[in-house]
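Single-letter residue listing:
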Amino acid sequence: RLNEAIAFYERARAINISSGIRSTSLICENLSALHIHVGAIVAGEGFARRAVEEAGDPTEQASALAWQAWAAHLGGNIDVAGATFGQAEGREREGNPITHYLYALRGIQYTDHVRRMSDINHAQRVAEANLMICERNHWAYLVSGSHRVLGDLDSGTGQHERARDH
């Protein structure tokens, strides 16, 4: 039923544009996520690119770039994904200088990407930092996602008991 939501987001974007609201970055991000979740990765990457173009502040840019990177990751464009996640992390730091890594959902996605690239130590640091931020903000579904990637990391290194604890 996610496919049905796409038309509503596209309509909201058209209304915003016709009303003179310039930035529709968040709507484009949502369209990107929806397309990715229904398996239309190329379309999702396209909407993420639009979100980047329309983003205002560095935090919006970081979020949009992370969706673009995630689509590239899922599409098998690993080098593009890595470079784009790097851009997202740079924008994240620009918008929030005390932040060392991507966080929230983009932190989970980035951890999955870094784990796939076999940089386990970096993935562990990102995941642990992300878990702390998500717990502090009481983002239950993101705490769960953070535990999932930490469990994947532990399982990948043969620490199955520890992985079950997550």
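Residues numbered from 1 in each chain as written. Predicted model: local features only at pLDDT ≥ 70, side-chain atom pairs only at ≥ 80, totals over all residues. Heavy atoms only, no water.

Caption draft 1: Spotlight on helix α8 (residues 140-156). Taking 1.5 Å as the rise per residue, α8 with 17 residues should run 24 Å; its terminal C-alpha atoms sit 24 Å apart, in good agreement. Among the residues making up α8, those that are buried are L142, V143, G145, S146, V149, L150, G151, L153 and D154. Where α8 is buried, its residues touch α6 (105-116), α7 (120-136) and α9 (160-165). Just beyond α8, the residue with positive phi is G158, at close to 85°. (Helix = DSSP H or I, 4+ residues; strand = E, 2+ residues; numbered from the N terminus. Expected span 1.5 Å × (residues − 1). Buried < 20%, exposed > 50% of the residue type's maximum accessible area, 1.4 Å probe, protein only. Contact = heavy atoms within 4.5 Å.)

Caption draft 2: Quick look at the environment of A83. With respect to the element layout, A83 can be found in helix α5 (residues 78-95). Measuring from C-alpha to C-alpha, the distance between A83 and A69 comes to 7.9 Å, with 14 residues separating the pair along the chain.

Caption draft 3: Up close: the packing of aromatic side chains. Evaluation of the coordinates by the stated rule reveals two aromatic pairs. With centroids separated by 5.2 Å and ring planes inclined at 45°, the aromatic side chains of F85 and Y110 adopt a geometry described as tilted. Pair noted here: F85 is in helix α5 and Y110 is in helix α6, with a separation of 25 residues, a long-range link. Like F85, the residue Y110 is buried in the burial classification. Aromatic side chains Y103 and W139 sit 6.4 Å apart centroid to centroid with 10° between the ring planes, which places their arrangement in the stacked category. Taken together, the positions of Y103 in the loop between α5 and α6 and W139 in the loop between α7 and α8 put the pair 36 residues apart, joining distant regions of the chain. What makes W139 partly exposed here is its relative accessible area of 29%. The lysine or arginine in question, R106, covers the ring of Y103, its NZ or CZ lying 5.0 Å from the ring centre. (Phe/Tyr/Trp six-rings, centres within 6.5 Å; stacked < 30°, edge-to-face > 60°. Lys NZ or Arg CZ within 6 Å of the ring centre and 35° of its normal.)

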